[in-house]
Structure formats: C-alpha cells, structure tokens
Amino acid sequence: MRRLKDSRFLIFFIIAFLFNVAASFAHPVTPTLIVERNLDSSMFGVALAAMMTMYFLFSPLWGKLCSYLPTKRIMLICSIGYACGQIIFGMAQSEAVVVGGRMFAGIFTGGCFVAMANYVVNLCGEDMSLRGRNLVLLTTIQNVGSAVGYFIGGTLGLISVEAAFLSQVAVLSLSGVLWFLTCEDDTPYKAKPDRALQLKDVNPFSAILSARQFMTPTLALIFIITAISAVGQNSYEQCFNYYIKDQYGMSSAYNGIFKAVIAGLTLLLNSTVSIYLQQKTDINRSFLYILIACTMLVSLILINHSQILFIAVYIVYSSVMVLRLPLLQMLASSRSDKSNSNQVMGFYTSMNSFGGIFGALFAGLIYAKGAMLPFVLAFAAFLVSTLLAVYYQKLYRKEKTAE
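Structural notes, computed from the coordinates. (Residues numbered from 1 in each chain as written. Predicted model: local features only at pLDDT ≥ 70, side-chain atom pairs only at ≥ 80, totals over all residues. Heavy atoms only, no water.)

Quick word on the overall build of the protein chain
Reasoning step 1: A count of helices and strands for the protein chain gives 15 helices and zero strands.
Reasoning step 2: For a compact globule of 403 residues, the expected C-alpha radius of gyration is about 22 Å, and the protein chain comes in at 20 Å, within 12% of that figure.
Reasoning step 3: Projected onto its principal axes, the C-alpha coordinates of the protein chain cover approximately 55 × 45 × 40 Å.
Reasoning step 4: When burial is assessed residue by residue, the protein chain has 59% of its 403 residues classed as buried.
Reasoning step 5: Pairs at least 24 apart in sequence give 87% of the contacts found in the protein chain among residues at least 6 apart.
Reasoning step 6: The protein chain carries 28 positive and 18 negative side-chain charges, and their two centres are separated by 6 Å. (Helix = DSSP H or I, 4+ residues; strand = E, 2+ residues; numbered from the N terminus. Rg over C-alpha atoms; globule rule 2.2 N^0.38 Å. Buried < 20%, exposed > 50% of the residue type's maximum accessible area, 1.4 Å probe, protein only. Contact = heavy atoms within 4.5 Å. Lys, Arg positive; Asp, Glu negative; His and termini not counted. Charge placed at Lys NZ, Arg CZ, Asp CG, Glu CD.)

If you want it as structure tokens, here you go:
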C-alpha cells in the first residue's frame, strides 16, 4: 500500500517541480524590466505586493473550492490563469499595467499552491508520517524548483526579458494540463460538503471569515508567526534581487547562479535536517531554532556591509529559511481534520501571502530612503516571529500538561 501511495505521487511531484521552475523565470528579469522600461524603482516591491494581496484574498476561497471540485481541476484552472497574468505583466509598459497584471496573476497563484498542498494532504489521509514526509518533499521541490527557475530565468534574461516571460507562460500552461491529465481525482479522499456550493461561497472575504469555524488560539498563533516571518522573507528576498542590480550592477545571470547554489544547499538541508526535525523531534519546539537561525543570519549583514559577506549570508540564509516552511505547514496541518484540512491549508497559504504583501510593499517603499532599510525590516520581522514562537511554546506546554 505504501508503495502504491508513493508511486501515485511521483508524477505529481515531477510536474510540481516543472511548475515551480517556470514560476521563477520572471523573478530575476523583473529588475531589468523595471530599469529598461523606465518604471519607478519602488515597483519591484509594489508589484509583488499587488500580487500577494490577491493571493491573500483568494487562497481561502481556493481552499474551500478544493472541497467541492477535484483538486487537479483547480490546478489546471489556476495554472492557466497564472500564465495569462504573466502575459499582461511581461507586456507592461507602465506601472498601472504592471500592477494589473500582477493582481490578475495573484488571483490564481494562491490557488496553485493551495491545490498542491491539499492534493498531498487528501491523498495521504490520516497517515501523518506520510503526510509530513510528502509535505517536506513538496516544499523541497518548490524551493529547489524555484532556485533552478531563477538560474534558467536569469540565463534567458541575457537573451531578452520577453524570452523569459514567453518561456514561463508556456511551461506554466503545460504544467496545468499535465496535472489534469495525469493526477488522480482526490474526491473520494475528501469529506463531502453538507451543502451545495452557493454564490456567497465564491466571495473571498466570506472564505476568510469562515476560518472562525476551525480557529483555535494556538492555531491562530501559528498563522501569525507564518505571516510575520513571511514579512521578513519577502522583504529580504525582493530587496536582494534589486539591490545587487542597483548597487553592484550585477546582471540577472548572477542572481541565477546564486539560486543554483541555494538549490543544492536546500536539497541537502531538506533531505537531512528537515526530515530529522520531522521524524526525531517535536516540531512544536524545534521550529523555534530555525527562526533563531534566520534572525541571526540577517543580523550579520546589518553589522558588516561587505559585498562578499552580503552574498554569502544570503545564500546560507535562503537555504536555512526554507526549513521553516514545511515545519509551519505541518504544524497547521496537524491541527486540522478531514472535514477542514482543505480550508486550513488554504488559510495557511493566505497568511503566508499576507505577510508577503507587507514585506514586499514596505521593502519597495523604504528602499528609496535607504538601501539597507528593507534588511532592517527583515531582521525586525524575524525577531518578532522568534519571540512569538517562544510564547507559542508556553501555550503548547500548557496543552501538554492539560492532556
């Protein structure tokens, strides 16, 4: 049975890798697009914040729709929608069109990642060991694929910005079609909704408010930690990409090379440290150490501004930061059941993007005031999320004592 379960995930994971590679084709060429088309420098953060806003609003909706529709159908719809948004973005000649394209893509981007997580959770059923291992694998694939995509996108960017975008649109669309044609229908593995889908269910605000049905104080704290640490992640990530172009004059190819190194480290850490933390430790406690490591690494670039250290810390930080994603995802998943797991994973994705909104937006807006300010914001966000993680452990110990 275990072999059967593993084999039916194989094709899904291969396509997920392909999708995540394509999803990052445009990132390393975005600074070039902004510079070549004489757009405002703040757009590198504002455009991502616009996408993340729609990502935040619609992720709970996609999570709810996963209870009504086959997940593979949602992956198809969202992959095509994401590709269409990138067509608009890639053709943009003004700030307004950039924001519009990113917002359109954001509606569907969240659906892609919600559907991927739900597909794993639904097919794993109550097997928490299999679920944890496959969520780690999915996160590893997402981040390694993203790093590989940066490298390929950076190389395509040497040809032209348009080459990167056209390649992205083609591969995103292909991924959605392949998922739909090859993935299993997960409907038999999901709890059947007690009523038909209604018009009010497609209201993204209604989907967010429905989180009250499953929310608990500890689960809410997990979501808050997820959101605040995402502020730090996105402030650091988005500013680094623009910083090395603006301050050091590095081409998109350098960004791709850095991401290729990160891909190797990510694969190593997620296949060793992450699996160890999942299987040999209580992740309710051990995830704190990952947040501490992220905080300490970001603090180094605030103390010393040398170019070599700046790049080296980014590479190590990016690899370590990835470890927090499957741990927080598993923490949220472990506090769900069959009746609400789709919605919990949708809300988790939404909170991740909610933090991304502020991280990307503030990084873009404050960069003009000082190139290092977004990194100060990243440090502050990781410090706050670490302190909240300490408080979470106090609540967790109380839960354990009460059992």
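Side note on helix α15 (residues 373-402)
Reasoning step 1: Helix length check: α15, at 30 residues, gives a terminal C-alpha distance of 44 Å against a target of 44 Å (1.5 Å per residue), a fit within 8%.
Reasoning step 2: Within α15, burial applies to Pro374, Phe375, Ala378, Ala381, Phe382, Ser385, Thr386, Ala389, Tyr392, Gln393, Leu395 and Tyr396. (Expected span 1.5 Å × (residues − 1).)

Structural notes on empty space enclosed by the protein
Reasoning step 1: Scanning the model with the defined rule gives four cavities of 30 Å³ or more in all.
Reasoning step 2: In this structure, the largest cavity encloses a volume near 880 Å³.
Reasoning step 3: Lining the largest cavity are 37 residues; nearest its centre among them are Phe113, Asn143, Ser146, Gln233 and Leu325.
Reasoning step 4: Here the lining of the largest cavity takes seven residues from helix α6 (residues 128-159), the largest share from any one element.
Reasoning step 5: Residues of the lining of the largest cavity, tallied by class, amount to 17 nonpolar, 17 polar and three charged. (1 Å grid on protein atoms, 1.4 Å probe; cavity = no way out; pocket = protein on both sides within 12 Å on 5 of 7 lines; lining within 4 Å. Points joined across faces, edges and corners; volume = space filled by probe spheres on them. Nonpolar A, V, L, I, M, F, W, Y, C, P; charged D, E, K, R; others polar.)

Observations concerning the pattern of salt bridges
Reasoning step 1: As enumerated under the stated definition, the model contains two salt bridges in all.
Reasoning step 2: In this structure, Glu162 and Arg37 form a salt bridge, with 2.9 Å as the shortest nitrogen-oxygen distance. In this pair, Glu162 sits in helix α7 (residues 161-182) while Arg37 sits in the loop between α2 (30-36) and α3 (43-65), placing the two residues 125 residues apart along the sequence.
Reasoning step 3: Judged by its relative accessible area of 12%, Arg37 falls in the buried class.
Reasoning step 4: A salt bridge links Arg285 to Asp282; its shortest N-O distance comes to 3.1 Å. (Salt bridge = Lys/Arg side-chain N within 4 Å of Asp/Glu carboxyl O.)

Overview of the packing of helix α4 (residues 71-91) against helix α5 (residues 95-124)
Axes are the key here: two packed helices are described by the angle between their axes and the distance separating the axes.
Reasoning step 1: The interhelical angle for the contact between α4 and α5, taken along N-to-C directions, is 160 degrees, at an axis separation of 7 Å. When the axis of α4 is compared with that of α5, the two are roughly antiparallel. Note that α4 runs across α5; the crossing there is left-handed.
Reasoning step 2: Considered class by class, the residues forming the contact of α4 with α5 number 17 nonpolar, nine polar and one charged. (Axes fitted to C-alpha atoms, helices over the stretch in contact; angles between N-to-C directions. Parallel < 35°, antiparallel > 145°, perpendicular 65-115°, else oblique. Left-handed = near helix turned anticlockwise from the far one by under 90°.)

With respect to the environment of Ser271
Reasoning step 1: Among the secondary structure elements, Ser271 is positioned in helix α10 (residues 252-280).
Reasoning step 2: Distance in space between the C-alpha atoms of Ser271 and Ala50 is 34 Å, their sequence separation being 221 residues.

Digging into unusual backbone geometry
Reasoning step 1: A positive phi is found at Asn38, a non-glycine position, where the angle reads about 55 degrees.
Reasoning step 2: Along the chain, Asn38 turns up in the loop between α2 and α3.
Reasoning step 3: For Asn38, a relative accessible area of 69% translates into the label exposed.

What to know about the nonpolar core
Reasoning step 1: Grouped together as the largest cluster of nonpolar side chains are 124 residues, with contacts concentrated most on Phe12, Met116, Trp179, Phe223, Tyr236 and Phe287.
Reasoning step 2: When residues of this core are assigned to their parent elements, the largest contribution, 15 residues, is made by α5.
Reasoning step 3: If near-sequence neighbours (up to four positions away) are discounted, Phe12 is found in contact with Met75, Met116, Tyr119, Val120, Leu138, Trp179 and Cys183. (Core = buried A, V, L, I, M, F, W, Y, C linked by side-chain atoms within 4.5 Å.)

Things to note about the packing of α4 against α7
Reasoning step 1: Where α4 contacts α7, the axes come no closer than 7 Å and their chain directions differ by 170 degrees. As judged from the angle between their axes, α4 and α7 are roughly antiparallel. On the side of α4, the interface is formed by Lys72, Arg73, Met75, Leu76, Ser79, Ile80, Tyr82, Ala83, Gln86, Ile87, Phe89 and Gly90, while α7 contributes Phe165, Gln168, Val169, Leu172, Ser173, Gly176, Val177, Trp179 and Phe180.
Reasoning step 2: Looking at the contact of α4 with α7, its residues break down into 13 nonpolar, six polar and two charged.

A short note on the packing of aromatic side chains
Reasoning step 1: What the rule picks out here adds up to 25 aromatic pairs.
Reasoning step 2: Between Tyr236 and Phe375, the aromatic rings sit 5.5 Å apart at their centres with planes inclined by 90 degrees, giving edge-to-face as the arrangement. With Tyr236 in helix α9 (residues 217-246) and Phe375 in helix α15, the pair connects residues that are 139 residues apart, well separated along the chain. Across this residue pair, the class does not change: Tyr236 and Phe375 are buried.
Reasoning step 3: Aromatic side chains Phe310 and Phe375 sit 5.2 Å apart centroid to centroid with 90 degrees between the ring planes, which places their arrangement in the edge-to-face category. One end of the pair, Phe310, is in helix α12 (residues 307-321); the other, Phe375, is in helix α15, and 65 residues separate them in sequence. Each member of the pair Phe310 and Phe375 is classed as buried.
Reasoning step 4: Members of the aromatic cluster, each reached through a chain of ring pairs, are Phe9, Phe12, Phe13, Phe19, Tyr55, Tyr82, Phe113, Tyr119 and Trp179.
Reasoning step 5: The positively charged end of Lys72 is found above the aromatic ring belonging to Phe180, 5.4 Å away from the centroid. (Phe/Tyr/Trp six-rings, centres within 6.5 Å; stacked < 30°, edge-to-face > 60°. Lys NZ or Arg CZ within 6 Å of the ring centre and 35° of its normal.)

Quick word on the side chain of Ser318
Reasoning step 1: Along the chain, the position of Ser318 falls in helix α12.
Reasoning step 2: Polar contacts involving the side chain of Ser318 include one to the main-chain carbonyl oxygen of Tyr314, which spans 2.8 Å.
Reasoning step 3: Those residues in contact with Ser318 that lie beyond four places of it in its chain are Glu237 and Ile262. (Polar contact = N/O pair within 3.5 Å; in protein donor to acceptor, adjacent residues only side chain to side chain.)

Side note on the state of the cysteines
Put plainly, a disulfide is one covalent bond tying together the sulfur atoms of two cysteines.
Reasoning step 1: Throughout the structure, instances matching the rule amount to zero disulfides.
Reasoning step 2: No disulfide involves Cys66; its nearest neighbouring cysteine sulfur is the one of Cys78, lying 8.2 Å away.
Reasoning step 3: As a non-bridged cysteine, Cys84 has Cys112 as the owner of its nearest cysteine sulfur, 12 Å distant.
Reasoning step 4: Residue Cys84 is classed as partly exposed on the basis of its relative accessible area, which comes to 34%. (Disulfide = S-S within 2.5 Å.)

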